[in-house]
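Single-letter residue listing:
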Amino acid sequence: MTIKLKEDTDEACMWAIDMMLNLARYTYTQERFFDPFEYVSGGGKSLHTGVESDITALLTIADTEAQTQDTLYGKTQFIQMVGITESELQALIEDHDNVYKLYDLMKKDNPDFVTDMKRTKSYL
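Residues numbered from 1 in each chain as written. Predicted model: local features only at pLDDT ≥ 70, side-chain atom pairs only at ≥ 80, totals over all residues. Heavy atoms only, no water.

## What to know about the sheet that holds strand S3 (residues 55–62)
Inference 1: An order of S1-S6-S3-S2 is seen for the four strands of this open sheet, with the pairing classed as mixed. Two strands bound the open sheet, and with one partner strand each, they are strand S1 (2–3) and strand S2 (39–41).
Inference 2: Sheet topology places S1 next to strand S6 (residues 79–85); two bridges connect them, and they run parallel. Residue Thr2 lies in a different strand from S6, and its bridge partner there is Gln80.
Inference 3: Sitting on the sheet, helix H3 (residues 98–109) is in contact with S3 and S6, with an inclination near 90 degrees to S6. (Pairing = 2+ DSSP bridges. Helix = DSSP H or I, 4+ residues; strand = E, 2+ residues; numbered from the N terminus. Contact = heavy atoms within 4.5 Å. Axes fitted to C-alpha atoms, helices over the stretch in contact; angles between N-to-C directions.)

## Some thoughts on the pattern of salt bridges
Inference 1: Tallying each qualifying case throughout the model produces six salt bridges.
Inference 2: Between Glu38 and Arg32 there is a salt bridge, with its nearest N and O atoms 3.2 Å apart.
Inference 3: What makes Arg32 partly exposed here is its relative accessible area of 31%.
Inference 4: The network of salt bridges with common partners includes Lys4, Asp63 and Glu65. (Salt bridge = Lys/Arg side-chain N within 4 Å of Asp/Glu carboxyl O. Buried < 20%, exposed > 50% of the residue type's maximum accessible area, 1.4 Å probe, protein only.)

## Focus: the pairing of S6
A regular strand places its side chains on the two faces of the sheet in alternate fashion.
Inference 1: Burial within S6 is extensive, with seven of its seven residues counted as buried.
Inference 2: Here S6 shows no split at all, with Ile79, Met81, Gly83 and Thr85 on one side and Gln80, Val82 and Ile84 on the other all buried.

Right under this line is the structure:
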């Protein structure tokens, strides 16, 4: 799993390490792995605990830079987490086909799918 963040300092990114550790723990204990075009709810609260943000959930996509690798142990695909708003999440819950629409609309403004915790624009 990967995430790209729009932050000014390394320290401002530290919250994402905890979040990614929790997601990794989930995949390990539940033996459930993420595929592209799924979503993860953040419970309606900012993903960055203690910081007010409209970004409350995650969309999973194939990483925009790290390529799939074939290894001795099988195929490794890098899944990138991208922050989305609560209204975008609700649109995905209502109709999963909206995930492709959201992906295409976000890609126009943000081709690397960098998560900006200050984003207020909703694409759906």
